[in-house]
Amino acid sequence: MWSIQSLLFIFCISLRCLTSAVGMIHVTGYVGREVNVSCSYDQSYVSHEKYLCNNDCGNSDVLITTSQASKTKYSIYDDTSARIFTTTIFDLQYTDAGKYWCGVTRTGADIYTEVKLKSVRDSCCDTVTKVQSYEGHSESVSCRYESQYQNSLKYICRGNRPSTCLQQALITSDTKQNARFRLDDDKVLGTFTVTISNLTRNDSGSYLCGVHRNSEMDVFSAIELEVEEWCCVKSTKINGTAGHPLTLQCPYPPQHWDNRKFLCKGDHRNNCSDMVTSQSRFTLQDDAASSSFIVRITKLEAADGGTYWCGSDSQWRVGNYTKIELSVCLHCTSNVSLGTTAETQRTQIPDSALCVVHVAPSVLLLMSVLVICCL
């Protein structure tokens, strides 16, 4: 059967009498992944056998038929309600690229649809946009696309494997917000922006921006995000005495002369309270000439001790703020720890020089001191 059919097929090709309902089908797949080849047929061929072949479609060129259903390299499924049969090629290789034919058996010459298969590497991209940020910050990455994709689905995923990117998307233009991720699509500029809030070191790595295309492979651009440890800020330690005034000085970049200056208190800068706006004892004075500002505390309290952050950059970029560790003591003039008695503070003195001092009560404003030295 196949030899006669093959002769008819070759004869028809030479006479250019091969017909198809959909014309040539272009399919692109990723190396190492699976790819689907889908072909439609008329209602009158619902019960007919379908197959996929290559080369000249001879007996040895038939890769799989609907009567076989599955092989190691291929599987086939006939959706008779949609009148489309789909062949899946597993573990696609570069050598699998080339010309294939979707075939439908019938009396006389079978019906063929030409398929052009292309294999591409499952990685992206030649150009990578690098973005650097810091722990706790929010960072936005912008991904451009062409005007014909204004209404297409946009998304972003981790890694650099296009084949699984959509299935593993962190967020899409349909969901817009997903936990720490937000996607905004500016169709006028042809750019969608993904914002990641409260960054951690674990967010570092490769990302792919994707634009979904129904009949072709999705379009991707690559991002490499590096989240550095939240460190390297200017830090200082200051001691103050309860009940006394204290002045804190905070430098800032000259270009921030017109920025709002602040001093806030808290163990972490993401969770600190603005002291100037909430405490009347704290006043701020800016000195643009010296690119610094001072904060005066009129009367320190024991509760004022702790960690402070002063700066002029609301984005908290490293180097644009100062960390201050303030310690408040009640009686800073004494070197003796609170609660320590003279009796517990013994000084080691040689026995030969040990003296005992007795103090007698004063009598008639005269003091008698008896010193007995032990030899």
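Every value quoted in this text rests on a predicted model; they were computed, and no experiment measured them.

Asks: Describe the state of the cysteines, and please don't skip the residues or the numbers.
Replies: Scanning the model with the defined rule gives seven disulfides in all. In this model C39 forms its disulfide with C102; the gap between the sulfur atoms is 1.7 Å. Here C39 and C102 share a disulfide; its torsion about the S-S bond, 40 degrees, makes the bridge right-handed. Separated by 63 residues along the polypeptide, C39 in strand β2 (residues 35-40) and C102 in strand β7 (residues 98-104) bring together distant segments of the chain. Here C39 matches C102 in class, with each residue buried. Across the disulfide, C124 is cross-linked to C125 (sulfur-sulfur distance 1.4 Å). Torsion about the S-S bond of the C124 and C125 cystine: about 50 degrees, corresponding to right-handed handedness. Its relative accessible area of 17% is what places C124 among the buried residues.

Asks: Give me the pairing of strand β6 (residues 84-89): which residues, what numbers.
Replies: Of all six residues in β6, five are buried, a share of seventy percent or more. Sheet analysis places β2 next to β6, joined by six bridges and oriented antiparallel. Across the sheet, N36 pairs through a bridge with T88, a residue of β6. In this sheet, β6 lies alongside strand β5 (residues 74-79) in antiparallel orientation, the contact comprising six bridges. Residue Y77 lies in a different strand from β6, and its bridge partner there is T86. Once β5 ends, the chain turns through four residues before running back antiparallel as β6, passing R83 with a positive phi of about 55 degrees.

Asks: Any details on the sheet that holds β2? Residues and values, ideally.
Replies: With antiparallel pairing, three strands are arranged side by side in an open sheet as β2-β6-β5. This sheet does not close on itself; its edge strands, each paired only once, are β2 and β5. Direction aside, neighbouring strands of the sheet carry axes that sit 15 degrees apart on average.

Asks: Quick rundown of the sheet that holds strand β15 (residues 191-196)? Include the residues and the values.
Replies: With respect to topology, four strands assemble into an open sheet ordered β10-β15-β14-β13, the strand pairing being antiparallel. Every interior strand has two partners, whereas the edge strands, β10 (139-144) and β13 (177-178), have only one. Pairing between β13 and strand β14 (residues 181-186): two bridges, direction antiparallel. Residue pairing for β14: N178 is matched across the bridge by F181.

Asks: Give me the lowdown on the pattern of salt bridges, citing residues and values where you can.
Replies: According to the stated counting rule, one finds 14 salt bridges in the structure shown. Between E114 and K99 there is a salt bridge, and its shortest N-O distance comes to 3.6 Å. One end of the pair, E114, is in strand β8 (residues 111-120); the other, K99, is in strand β7, and 15 residues separate them in sequence. Between R260 and D274 there is a salt bridge, with its nearest N and O atoms 3.3 Å apart. Here D274 lies in strand β21 (residues 273-274) and R260 lies in the loop between β19 (246-251) and β20 (262-265), a separation of 14 residues in the sequence.

Asks: Which residues make up the packing of aromatic side chains, and what values do they have?
Replies: By the definition in use, this model includes seven aromatic pairs. With a centroid separation of 6.2 Å and 75 degrees between ring planes, the pair formed by Y51 and Y112 is classed as edge-to-face. Remark: Y112 occurs in strand β8 and Y51 occurs in strand β3 (residues 50-54); sequence separation between them is 61 residues. Accessibility classification places Y51 together with Y112 in one group, the buried group. A cation over a ring is seen here: K50 above Y41, with NZ or CZ 4.1 Å from the ring centre. When the ring centre of Y252 is taken as origin, the NZ or CZ atom of K261, which lies over that ring, is 4.6 Å away.

Asks: Outline the nonpolar core, supporting the account with residue identities and numerical values.
Replies: In this structure, V37, L52, I89 and V115 are the most contacted members of the largest nonpolar core, which totals 21 residues. Listing elements by their share of this core, those giving two or more residues are β1 (25-30), β2, β4 (62-65), β5, β6, β7 and β8. Once you skip the residues sitting within four places of it in the chain, L52 turns out to touch V37, D61, V62, L63, I64, T87, I89, Y100, W101 and C102. Grouped together as the second largest cluster of nonpolar side chains are 19 residues, Y145, I156, I171 and L225 included.

Parameters and conventions
- Residues numbered from 1 in each chain as written.
- Predicted model: local features only at pLDDT ≥ 70, side-chain atom pairs only at ≥ 80, totals over all residues.
- Heavy atoms only, no water.
- Disulfide = S-S within 2.5 Å.
- Helix = DSSP H or I, 4+ residues; strand = E, 2+ residues; numbered from the N terminus.
- Buried < 20%, exposed > 50% of the residue type's maximum accessible area, 1.4 Å probe, protein only.
- Pairing = 2+ DSSP bridges.
- Axes fitted to C-alpha atoms, helices over the stretch in contact; angles between N-to-C directions.
- Salt bridge = Lys/Arg side-chain N within 4 Å of Asp/Glu carboxyl O.
- Phe/Tyr/Trp six-rings, centres within 6.5 Å; stacked < 30°, edge-to-face > 60°.
- Lys NZ or Arg CZ within 6 Å of the ring centre and 35° of its normal.
- Core = buried A, V, L, I, M, F, W, Y, C linked by side-chain atoms within 4.5 Å.
- Contact = heavy atoms within 4.5 Å.

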